[in-house]
Amino acid sequence: MLGAAAIASECRFAQPRDLTVAVAARLWESIDEAVSSDGQASLVLAGGSTPVPIYNTLRELPLNWDTLRLCLSDERWVAVDDPDSNEGMLRRELLGPEAYERVISLARTSDDIEADAARVERDLAVMQRAWDTVILGMGTDGHTASLFPAAPGLEQALSSHRRCVPVRPAGTAHPRLTLTLPELLNSRRILLLLSGERKWQVYREALAGEDVSAMPVRAILHQSKTPVDVYWSAQ
Ligand code: 6PG
């Protein structure tokens, strides 16, 4: 039996702009609270397209990059200058060059994905505190981060003691590196971002079922460690 649903709140917006403002405000609050108490803030950011307007909004705020540590939830195993790179997207949509070093990179730097995963593990060693906020998206197949249904590597990504592992989802253009479930849950809060009616239906289906291999987002929804706030916009 899966754990109780972790859903702390569900916010639904008719306009994407309203979701953008609400999530950017949550991130700003999370950063301000962490920097005020610990002198630093750490965020895991989702790839894909849904979060881009949020990153564009954050970019306009007076962020002190020296106090921030960022990491992507997952990455396509490509170089950062590849058009499919999530880190490349962050550089275009959020980061100025002075902030690039604040990102724990999952970008491809070798011809051995296991070696790259091991490098990320070493780099993550600087993170000895929980993430302040983790931002996740979801695909219409019920994947989140790069936890894809029945993917080679999914089992290890769900349960290992490791923090970052390679996965090889069928049907994606590239192998992936993903933070593991334990790493994603090592956070004060998770914000799950959904857009469109289809994703709302997939989310409700994921809530109603238990098979994590079929819909890995269930591992985020059905757990009692980390509160999850769901943000949905109609478009
Ligand atoms: C990626 C993401 C992935 C994404 C979902 C939703 O590498 O694509 O990390 O998990 O969050 O696929 O993507 P959209 O926001 O583009 O729908």
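From a predicted model like this one, the values you see are computed outputs, not experimental measurements. (Residues numbered from 1 in each chain as written. Predicted model: local features only at pLDDT ≥ 70, side-chain atom pairs only at ≥ 80, totals over all residues. Heavy atoms only, no water.)

## Re the nonpolar core
- Among the nonpolar cores identified, the biggest contains 47 residues, and Leu184, Leu192 and Tyr203 are the most heavily contacted of them.
- Take this core: its biggest share by element is five residues, from helix α7 (residues 197-208).
- Once you skip the residues sitting within four places of it in the chain, Tyr203 turns out to touch Ile7, Glu10, Met138, Leu192, Leu194, Leu221 and Val230.
- Core analysis: the second largest hydrophobic core is formed by 30 residues, Phe13, Ala24, Leu45 and Trp65 among them. (Core = buried A, V, L, I, M, F, W, Y, C linked by side-chain atoms within 4.5 Å. Buried < 20%, exposed > 50% of the residue type's maximum accessible area, 1.4 Å probe, protein only. Helix = DSSP H or I, 4+ residues; strand = E, 2+ residues; numbered from the N terminus. Contact = heavy atoms within 4.5 Å.)

## A word on the sheet that holds strand β7 (residues 164-167)
- Across the sheet, which stays open at both edges, the three strands sit in the order β4-β8-β7 with antiparallel pairing between neighbours. Of all strands in the sheet, those with a lone pairing partner are β4 (74-76) and β7, marking the two edges. On average, adjacent strands in this sheet sit at an angle of 20 degrees to one another, irrespective of strand direction.
- As paired elements, β7 and strand β8 (residues 176-179) share four bridges and run antiparallel to each other. Among the inter-strand pairings, Val165 is bridged to a residue of β8, identified as Thr178.
- Packed onto the sheet, helix α4 (residues 113-124) meets β7 and β8 and runs at close to 160 degrees relative to β7. (Pairing = 2+ DSSP bridges. Axes fitted to C-alpha atoms, helices over the stretch in contact; angles between N-to-C directions.)

## Considering the pairing of β8
- Of the two faces of β8, the one holding Arg176 and Thr178 and the one holding Leu177 and Leu179 are both buried throughout.
- With three bridges joining them, β4 and β8 adopt antiparallel strand pairing. Across the sheet, the residue bridging to Asp74 is Thr178, located in β8.

## Observations concerning the site of the ligand
- Within the structure, the ligand sits among 13 residues, and Thr50, Asp74, His143, Ala145 and Lys199 are positioned closest to it.
- One nitrogen or oxygen atom from the side chain of Arg76 is found 2.8 Å from an oxygen atom belonging to the ligand.
- Between the ligand and the protein, one listed contact pairs an oxygen atom with a side-chain N or O atom of Lys199 at 2.7 Å.
- Burial of the ligand by the protein chains amounts to 87% of its free accessible area of 410 Å². (Near = heavy atom within 4 Å. Polar contact = N/O pair within 3.5 Å; in protein donor to acceptor, adjacent residues only side chain to side chain. Areas by Shrake-Rupley, 256 points an atom, 1.4 Å probe, with all protein chains shown as cover.)

## Section: the packing of aromatic side chains
- Considering all chains together, one arrives at three aromatic pairs under this definition.
- A centroid spacing of 6.4 Å and a plane angle of 5 degrees characterise the contact between Phe13 and Tyr231, whose relative ring orientation is stacked. Taken together, the positions of Phe13 in strand β1 (residues 7-13) and Tyr231 in strand β10 (residues 228-233) put the pair 218 residues apart, joining distant regions of the chain.
- One aromatic cluster is present, formed by Trp200, Tyr203 and Trp232 through successive ring pairs.
- In this arrangement the basic side chain of Arg91 is found over the ring face of Tyr100, its NZ or CZ atom lying 3.9 Å from the centre.
- The side chain of Arg108 reaches across the aromatic face of Trp77, ending 3.7 Å from its centre. (Phe/Tyr/Trp six-rings, centres within 6.5 Å; stacked < 30°, edge-to-face > 60°. Lys NZ or Arg CZ within 6 Å of the ring centre and 35° of its normal.)

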